[in-house]
Amino acid sequence: MSNIGSYEKRLEDFDWSIAEKELDYKSGDDINIGWYCSDRICEMGKADKPALIWEGLGGVEKQYTFNDVRLRSNTIASFLKDLGIKNEDRVCLFMDKIPELYIGFVGILKLGAVAQPLFSAFGDESLHVRLDNAQTTAIITQRKHVSKVRKILDQMPYVKHIILVDYDGSKPLREREVAFNMDEAEQVEKFEAFPTKAESPSVLHYTSGTTGQPKGVKHVHYSLISQYLTTKWVLDLQENDIYWCTADPGWVTGTSYGIIGPWSLGITQCVLDTGFSAESWYKFIEKRKVTMWYSAPTAIRSLMKAGNEIIKQYDLSSLRHLASVGEPLNAEAVIWSEKVFGKAFLDTYWQTETGSMMLTNYPGMKIKPGSMGKPFPGITATVLDTKTFEPISETGKPGLIGFKPDWPAMMRTYWRNEETYQKKFENGWYLPGDRAYIDQDGYYWFIGRDDDVINTGGHLISPFEVESALLEHEAVAESAVVAKPDEVNMEVVKAFVTLKPGFVADDDLELKIMNFIRKKLSPLAMPQEIEYRDSLPKTRSGKIMRRVLHAQEWGEEIGDISTLEDD
Amino acid sequence: MEDMKEIILEYVIEEYCDEENDDVTFDTPLISGGIVDSFSMVSLKRFLENKYKISIPDADASPEAFDTVNKIEVLVKRFQ
């Protein structure tokens, strides 16, 4: 029997207080996610239950019980407190998927500080922009990533501490650096979790838009209510499950459903901290006897590409439930997974701003391959007319997805950018920026983004950010960046550039520009292709018309080009 | 002529490593070891194609084939 039981029945009498009651929370009480993910589980008698089974390169393994998580998060919180870090200070986690990242996240929340996880592959500029916006007080990182921090340190007087979790003493620590070894530090038995309230800030995740700099999405401790219940009902986590969320906590899935969801339910999760290969993933599922697997379409398509023969080499019979997030899961992938694993991946739709699942498929509900499913109980969803922003009553007519912003995990604002936050609403609806239609059975079907943001492998890339970085390359005079279709990643970044006089448009320069962006921003933002042009399409007022280039890439109609500048 | 493996190794260290993790050898797992991610693999493939004037089909550019410098050398020689 699944946790949700009947979806239809849940809709009838739904109230978020279901989760509040299960979590023993009443309005006005203290609510601290860090405490809920560690101390409370121990108090429920699960102190000795494994919380984290971690595997690194070469099969290196570490295991932590819920009591270990409690003690180590106490120790981290206490260490940060001794450094002078206080509630609501921003503490950045800039690490690979190592245990310190997961447990550090819990420790930061216990202290009442705001966890700011950043993807460890970010280049120094991506890092700087996000730290600057957040005015981050401390950065917890590893030796392998500290050089990117050191490079920009002079521009960040607000960063008081850089905490190295794997310092080995081989080289001297530098300015503002301090060593902290989570496993070897004297464990702190008692740490009073900061009495955060429902609206106290908890997590700051960064996301990209069409224009402007990345936005810091502010979440609060009350988000736990919907993260807990969606994990329970959609991911269907049950007492003896071994859960594997493949997402990196540098992104929202990795925290909402890679830390908060499973640990607030007292579920054992495992983490594989190595690069992707079909062999290593299947081996991991077999070895760890994974029962619930939450992954992403890009990974699923890569597994499809690796073929079905390899699957026969592994015993994957432990798997009982699969789900996917990050970008639309194509029907072929759903059908394939049913064929090879005996279970279909259930697509879930949500985003950084929503903090928890919004439209999803449910255990027990009929799946229509390629559909995002139906709204989670308690979520008021619709598709809106693109001009009037009124709900569309006609079945199958495309429009903008809209949500009534009244669920617990909804973002509270963009950090230091309330103006942009307000622009996300029309007519009382929150607009996530995607287009869809609803079929006759109430299922939602994704059509595409409503802006120029590029979704590559489930990560949003701002064309503006890449274009700006391109202009910093000595050879580039003008740039325009659009999405290019990609079989595995759905979309990848493609750049169109014009060159300054004296530079030769050749393959070597293309590679130099690609690497320039990779190091400056991130591998995700690196153009997978650069096309040299003599000129870029512009309006008569000089604005580059990205949509013309986008249409060319996707083989679509270019549309109205009456404002296009003559050559 | 400079050894192909040396050239590739030098490029990998120069482009994908920093002073704290530059102890890469011919056998160090690059992809499964997280030194080169799947997106960055595109730039490594482009380097090999430019340098050795070859074209590596996408179907052959698998994470396994790019996992060590030794394996990359085998791959490049296949297409020379």
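Keep in mind that what you see is a predicted model, and the values were worked out from it rather than measured. (Residues numbered from 1 in each chain as written. Chains lettered and ligands numbered in written order. Predicted model: local features only at pLDDT ≥ 70, side-chain atom pairs only at ≥ 80, totals over all residues.)

(A) Representation of the sheet that holds strand 13 (residues 321–324) of chain A within the structure. All names here are of chain A. The 9 strands lie next to each other as 2-1-11-10-12-13-14-15-16, forming an open sheet whose pairing is mixed. Among the strands making up the open sheet, the edge pair consists of strand 2 (61–65) and strand 16 (374–375). As judged from the 4 bridges shared by strand 12 (residues 292–295) and strand 13, these two strands associate in the parallel manner. When the sheet's bridge partners are listed, Trp293 is paired in strand 13 with Leu322. (Pairing = 2+ DSSP bridges. Helix = DSSP H or I, 4+ residues; strand = E, 2+ residues; numbered from the N terminus.)

(B) Focus on the domain arrangement of chain A. Residue and element names in this part refer to chain A. By domain assignment, chain A separates into domain 1 (7–436) and domain 2 (454–554). When each unit is reduced to the centre of its C-alpha atoms, the spacing between domain 1 and domain 2 is 30 Å. Taken residue by residue, the interface counts 23 residues in domain 1 and 21 residues in domain 2. Of all the secondary structure elements, the ones that give two or more residues to the side of domain 1 that touches domain 2 are helix 7 (124–134) and helix 12 (297–306). The dominant element in the side of domain 1 that touches domain 2, judged by the number of residues it contributes, is helix 12, at 5 residues. Among the residues forming the side of domain 1 that touches domain 2, the class breakdown is 7 nonpolar, 11 polar and 5 charged. (Domains from an automatic or database assignment. Contact = placed C-beta atoms within 7 Å. Nonpolar A, V, L, I, M, F, W, Y, C, P; charged D, E, K, R; others polar.)

(C) Inspection of the interface of chain B and chain A at higher detail. Facing the 21 residues of chain B at the interface are 22 residues of chain A. Among the elements that make up the side of chain B that touches chain A, the one with the highest residue count is helix 2 (residues 40–52) of chain B (6 residues). In the side of chain B that touches chain A, the residues fall into 6 nonpolar, 8 polar and 7 charged.

(D) Region of interest: helix 17 (residues 546–554) of chain A. All names here are of chain A. When helix 17 is considered as a whole, its buried residues turn out to be Arg546, Leu549 and His550. The buried side chains of helix 17 occupy one side of the element, clustering within an arc of 100 degrees when seen end-on. Directly beyond the C-terminal end of helix 17, a positive phi value near 65 degrees is found at Gly555. (Buried ≥ 20, exposed ≤ 12 C-beta atoms within 10 Å, placed from the backbone. Arc of directions from axis to C-beta.)

(E) Quick look at the packing of helix 16 (residues 507–520) of chain A against helix 2 of chain B. For the pair helix 16 of chain A and helix 2 of chain B, the least separation of the axes is 10 Å and the interaxial angle reads 160 degrees. As judged from the angle between their axes, helix 16 of chain A and helix 2 of chain B are roughly antiparallel. Taken as a pair, helix 16 of chain A and helix 2 of chain B cross one another with a handedness that is left-handed. The residues of helix 2 of chain B that touch helix 16 of chain A, namely those facing Asp507, Asp508, Leu511, Met514, Asn515 and Arg518 of chain A, are Ser40, Ser43, Arg46, Phe47 and Asn50 of chain B. In the contact of helix 16 of chain A with helix 2 of chain B, the residues fall into 3 nonpolar, 4 polar and 4 charged. (Axes fitted to C-alpha atoms, helices over the stretch in contact; angles between N-to-C directions. Parallel < 35°, antiparallel > 145°, perpendicular 65-115°, else oblique. Left-handed = near helix turned anticlockwise from the far one by under 90°.)

(F) How the structure looks around the environment of Asp347 of chain A. Residues and elements named next belong to chain A. Tracing the backbone through its elements, the reader meets Asp347 in strand 14 (residues 345–349). For the pair formed by Asp347 and Leu329, sequence separation is 18 residues and the distance between their alpha carbons is 6.1 Å. Look past the residues within four positions of Asp347 in its chain and what remains in contact with it is Ser324, Leu329, Asn361, Met372 and Gly373.

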